[in-house]
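Close look at the chain arrangement
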Amino acid sequence: MDILYTVTERPPPFMLVMLALQQFLTMFGSTFSFPFIMARSLCIEGDPVGLSKVIATVIFVAGLSTLIQTIVGIRLPIIQSVSYSFIPPFMVLLSLPQWTCNPCVDDPAMANENSTVCGSSNHTEMWAARMRELQGAVLVSSLVQMVVGFTGLVGFLMNFIGPLTISPTVTMIGLSLFDATYLKTEGQWWIAFTVFTLIAVFSQYLRYVNLPFCSYRQGRGCVRSPIRFFALFPVLLAICVSWLLCYVLTVTDVLPPTKGQWGYLARTDVQGDTLHRAPWFRFPYPGQWGVPTVSVAGVLAGVASVMASMIESVGDYYACARLSGAPAPPKSAVSRGIGVEGITTLLAGAWGIGGGTTSYSENIGAIGITKVGSLAVIQVSGVLMMIFGCVGKFSALFTTIPEPIVGGVFLTMLGMVTAVGISNLQFVDLNSTRNLFILGVSIFLGICLPKWMALHPGVIDTGSQLADNVLTVLCSTSMFVAGVLAFVLDNTVPGTREERGLTKWGQSESTEDAPGREGRQFEVYDLPLVQPYLNRLPFTRYLPFCNGYRGDRHVTRGAGGRSGEGEEDTVADGKGHGHHLLPLSKDKSSSVRL
């Protein structure tokens, strides 16, 4: 694989900053969209300044989480930011009767005991209380993630979770957000379609178009090299072009200036004073929305989200290692990465971003396109995120984006989330009626049961308010219903490993497809500064999150799932630990058991 900068290499300072900025821009579309999706459930839609503070906090925490993960976590070039897995359960949680939003009015003269003035202290407290409920759920559920990671349970759990569980779970994340997408796009369908069309043109039709770019090559200095600009920034370009179009249609009054008319929400002056009211600089801090609250229903919603987030991250670790020129991560690195992700989720709960953190696949894709897998680039990007998160005007600017533009972005991004879930079926035998039954029933019930719950509020009556709330949240969460049903059926209905997709699911890429990886050691996963001291301590071999853990082995499975001959090979790292290499099976392909 032709990689310009591997994990351990550092580009020159100027190029380092430019590449870091590119990574930031790649993740920004997904990151800033999260608060917009949650805005209606949080009752924050009428407070653009408050929304800008949430956006700034999300960006700041993403930067902080990225630095922690790349320094003491998995130590791969992976961006950490807010996870979409938290959206469906938390939207259901906030739909409970006790969290009903009072309407927000712009005119104080129209306010009464059942409404609030948009942006007032009462309105701020209304959405801050909901944010505190989400904070408590994230804080407690993060402890589960830390336990699963640092105890090595992640490897055990993955033995029971395969493509037939992952596919319905992730697919329902996208499908369950259909209503949120519709509510954003209905303000002006033509603008929403324009955004969708531009993203499609940039990301699909122009993805192979190269633009000249100056890059640094060792021994050659700064040279002109092509870059697929449209493939890297399709969302950002589409937003900017559509935003400019809406501005022109606003100043020419083509879009109706009267509130309530169709198309009014596409105007760029709807939130005209937001930039003026937002501070230039604001440092996000833990507990900024108040003391978090904890409920059983919220915690269970958070745990369901964390489980889906962990599964997504494990897959990202292996993909990132392959694209950045690193050896496949051993069990210890995966366990440490998930455990540290639990820590960053804990920080997300403390700061209050409305969800937890996870690895971002789009940034891993950017590594594959640019051939730059430098860990230093991602770390500098994390620093940039923290800086931008403290600039209030920067985050406030994006709250002025018209709703139909945001809806157009949702059409594409949530559609991609759904497609990612479906793509896991490539490992499964789709000619098997067993698999078709599990897949179809799981997805269909995942849609039907939450819909029935929404149409019949209060239908669950056990005599206990706590039990009612817990069951309502769980049964109303499409991701949870589909995932649990698929998990139970896949592990109880008889089927071979090949039929279930577990054999291909556990395989990594062929060593022949990754030249130079054979014989590679795992030093890239060593903790900085302290690893030589840890290597001298014999008990670290028994810690699942320490490099050199005795369980760090990659087992080649046969067709029936049994270990092949020569389960492991090791090489000495010169530090007292044996590092296990990927063994080759008879068909020259290696496989990984988590």
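Positions within a chain are numbered from 1, following the residues in the order the chain's sequence is written. The predicted nature of this model means local features are confined to residues of pLDDT at least 70 and side-chain atom pairs, given and counted, to a pLDDT of 80 or more, with totals for whole chains, interfaces and linings taken over all residues. Side-chain figures throughout are based on the complete set of non-hydrogen atoms in the structure, without hydrogens or water.

Here the focus is the overall build of the chain. Scanning the chain from terminus to terminus reveals 23 helices and eight strands. Burial classification: accessible surface area is computed with a 1.4 Å probe over protein chains only, and a residue below 20% of its type maximum counts as buried, one above 50% as exposed, and the rest as partly exposed. For the chain, buried positions account for 54% of its 594 residues. We call two residues in contact whenever any of their non-hydrogen atoms come within 4.5 Å of each other. A separation threshold of at least 6 residues defines the contact pool for the chain, and within that pool the share at least 24 residues apart is 81%. Split by element, the accessible area of the chain, about 25100 Å² in all, is 65% carbon and sulfur. Going along the chain from the N terminus, every DSSP run of H or I of four or more residues is numbered as a helix, and every run of E of two or more is numbered as a strand. Note on areas: these come from Shrake-Rupley sampling with a 1.4 Å probe, and a residue is covered only by the protein chains present in the view.

Counting through the fold element by element, Gly 337 comes out in helix α13 (residues 331-351). With residues near it in sequence (within four places) discarded, Gly 337 still touches Gln 69, Gly 73, Ile 74 and Tyr 317.

Let us now look at helix α12 (residues 296-323). Given 3.6 residues per helical turn, the α-helix brings residues three or four places apart onto the same face. Spanning 28 residues, α12 covers 41 Å between terminal C-alpha atoms, matching the ideal 40 Å at 1.5 Å per step. Of the residues flanking the end of α12, it is Gly 325, one or two places downstream, whose phi is positive at about 80°. To estimate the expected span of a helix, subtract one from its residue number and multiply by 1.5 Å.

So, on to the nonpolar core. By nonpolar core we mean a set of buried residues, namely Ala, Val, Leu, Ile, Met, Phe, Trp, Tyr and Cys, connected to one another through side-chain atoms within 4.5 Å. Judged by nonpolar contacts, the single largest core of 107 residues is most densely connected at Leu 76, Tyr 84 and Phe 90. Take this core: its biggest share by element is 12 residues, from α12. Core analysis: the second largest hydrophobic core is formed by nine residues, Met 15, Leu 19, Ala 376 and Val 377 among them.

Okay, the state of the cysteines next. Our working definition of a disulfide is a cysteine sulfur pair at a distance within 2.5 Å. Going through the model one piece at a time under the given rule, you end up with one disulfide. Here Cys 43 is linked by a disulfide to Cys 101, with a sulfur-sulfur distance of 1.5 Å. Looking down the S-S bond of the Cys 43 and Cys 101 bridge, the torsion is -70°, so its handedness is left-handed. Of the two residues, Cys 43 sits in the loop between α1 (13-42) and α2 (48-72) while Cys 101 sits in the loop between α3 (87-93) and β2 (104-105), which places them 58 residues apart along the sequence.

Let us look at unusual backbone geometry. Peptide bonds are, in most cases, trans, and in most cases residues other than glycine have a negative phi. The phi dihedral of Arg 75 falls on the positive side, at around 60°, and the residue is not glycine. By the element assignment, Arg 75 lies in the loop between α2 and β1 (80-82). A relative accessible area of 14% means that Arg 75 is categorised as buried. Phi is positive for Asp 253, which is not a glycine, with a value near 60°. Mapping Asp 253 onto the fold places it in the loop between α10 (234-251) and α11 (274-277).

This brings us to the pattern of salt bridges. The salt bridge criterion pairs a side-chain nitrogen of Lys or Arg with a carboxyl oxygen of Asp or Glu, the two atoms within 4 Å. All chains considered together, the criterion is met by eight salt bridges. A salt bridge links Glu 125 to Arg 132, with the shortest nitrogen-to-oxygen separation between them at 2.6 Å. Overlapping salt bridges bring together Arg 40, Glu 45, Lys 184 and Glu 403 as one network.

This brings us to helix α8 (residues 189-205). Its 17 residues give α8 an end-to-end C-alpha distance of 22 Å, which sits within 8% of 24 Å, the value for a rise of 1.5 Å per residue. Buried residues of α8: Ile 191, Ala 192, Val 195, Leu 198, Ile 199, Phe 202 and Ser 203, and no others. Seen end-on, α8 carries its buried residues on one side only, within an arc spanning 125°. What points out from α8, more than 90 degrees from its buried face, is the exposed set Trp 190 and Tyr 205. The backbone nitrogen of Trp 190 has a side-chain oxygen 2.9 Å away, supplied by the residue at the start of α8, namely Gln 188. As used here, the arc belongs to the directions running from the helix axis to the C-beta atoms. Whenever two N or O atoms come within 3.5 Å, that pair is a polar contact, provided that in protein one can donate a hydrogen and the other can accept it, and provided that, for residues adjacent in sequence, both atoms are side-chain atoms.

With that settled, consider the side chain of Thr 357. Mapping Thr 357 onto the fold places it in strand β6 (residues 357-359). Residue class for Thr 357 comes out buried when judged on its relative accessible area of 1%. Only 2.7 Å separates the side chain of Thr 357 from the side chain of Thr 344, close enough to count as a polar contact. In this structure, Thr 357 is in contact with Val 61, Ser 65, Gln 80, Ser 81, Val 82, Ser 83, Ser 309, Glu 341, Thr 344, Thr 345 and Ala 348, ignoring residues within four places of it in sequence.

Attention now goes to the confidence of the model for the chain. Per-residue confidence from the predictor is reported as pLDDT, which spans 0 to 100. Per-chain confidence: the chain averages 79 in pLDDT, with 85% of residues scoring 70 or above. This model gives residues 508-520 a pLDDT under 50, and the stretch forms 24 contacts once residues within four places in sequence are excluded.

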